[in-house]
Amino acid sequence: MCVFNLQSYDNVESSVRKAAVFCMVALHQPVGEELQPHLEGLNGSKLKLLNLYIKRAQAQKEQSAPVSPRLATPL
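Residues numbered from 1 in each chain as written. Predicted model: local features only at pLDDT ≥ 70, side-chain atom pairs only at ≥ 80, totals over all residues. Heavy atoms only, no water.

Colleague: Explain the side chain of His-28 to me, please; I cannot follow it from the model alone.
Modeller: As for its placement among the helices and strands, His-28 is situated in helix α2 (residues 14-31). Given the relative accessible area of 7%, His-28 is considered buried. Once residues within four sequence positions are removed from consideration, His-28 is found in contact with Glu-33, Leu-35, Ile-54 and Gln-58. (Helix = DSSP H or I, 4+ residues; strand = E, 2+ residues; numbered from the N terminus. Buried < 20%, exposed > 50% of the residue type's maximum accessible area, 1.4 Å probe, protein only. Contact = heavy atoms within 4.5 Å.)

Encoded structure:
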C-alpha cells in the first residue's frame, strides 16, 4: 500500500498527489511512527509537507475530542 502511495505522490496530476498525501495521513493515524520506515523514499520537501498535514490532522483531532464535564471551565 505504501509503495503505491509513494508512486502516487509523484504523479503529474495534483489531485492524485493530494489524495496520496491524505491517504498517508489517514494511514498514520492508526499506525503512528511505524509508518516512517516506509517513507524513506520521499525527498525532503515532500516529507516535510506530509509531516505538516499529519500535525494538522492531529491538532484537528485533539480539538474535536469531547471534553469531560469536570474539565470544562465555567463561563
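Colleague: Please explain the packing of α2 against helix α3 (residues 44-63) as it appears in this structure.
Modeller: Between two packed helices, what matters for the description is the angle formed by their axes and the separation of those axes. The geometry of α2 relative to α3 is characterised by a closest axis approach of 9 Å and an angle of 55 degrees between their N-to-C directions. Our classification of the angle between α2 and α3 gives oblique. In terms of crossing hand, the pair formed by α2 and α3 is right-handed. Mapping the contact onto sequence places Val-21, Phe-22, Met-24, Val-25, His-28 and Gln-29 in α2 and Leu-50, Tyr-53, Ile-54, Ala-57 and Gln-58 in α3. By residue class, the composition of the contact of α2 with α3 is eight nonpolar, three polar and no charged. (Axes fitted to C-alpha atoms, helices over the stretch in contact; angles between N-to-C directions. Parallel < 35°, antiparallel > 145°, perpendicular 65-115°, else oblique. Left-handed = near helix turned anticlockwise from the far one by under 90°. Nonpolar A, V, L, I, M, F, W, Y, C, P; charged D, E, K, R; others polar.)

Colleague: Looking at this model, I keep getting lost on α3. Mind explaining?
Modeller: Three or four residues apart is the spacing at which side chains of an α-helix point the same way, because the helix has 3.6 residues per turn. With 20 residues, α3 should reach 28 Å at 1.5 Å per residue; the first-to-last C-alpha distance of 29 Å fits that figure. Within the sequence span of α3, burial applies to Leu-50, Ile-54 and Ala-57. Projected down its long axis, α3 shows its buried positions confined to an angular sector of 60 degrees, all on one face. Among the exposed residues of α3, those pointing more than 90 degrees away from its buried face are Gly-44, Ser-45, Lys-48, Lys-55, Arg-56, Gln-60, Glu-62 and Gln-63. Turning to α3, the residues buried within the fold contact α2. (Expected span 1.5 Å × (residues − 1). Arc of directions from axis to C-beta.)

Colleague: Explain the pattern of salt bridges to me, please; I cannot follow it from the model alone.
Modeller: Note on pairing: side chains with opposite charge can pair once their charged atoms come close. Inspection of the entire model under this criterion finds one salt bridge. Between Lys-46 and Asp-10 there is a salt bridge whose closest N-O contact spans 2.1 Å. In this pair, Lys-46 is assigned in helix α3 and Asp-10 in the loop between α1 (2-8) and α2, connecting sequence segments 36 residues apart. (Salt bridge = Lys/Arg side-chain N within 4 Å of Asp/Glu carboxyl O.)

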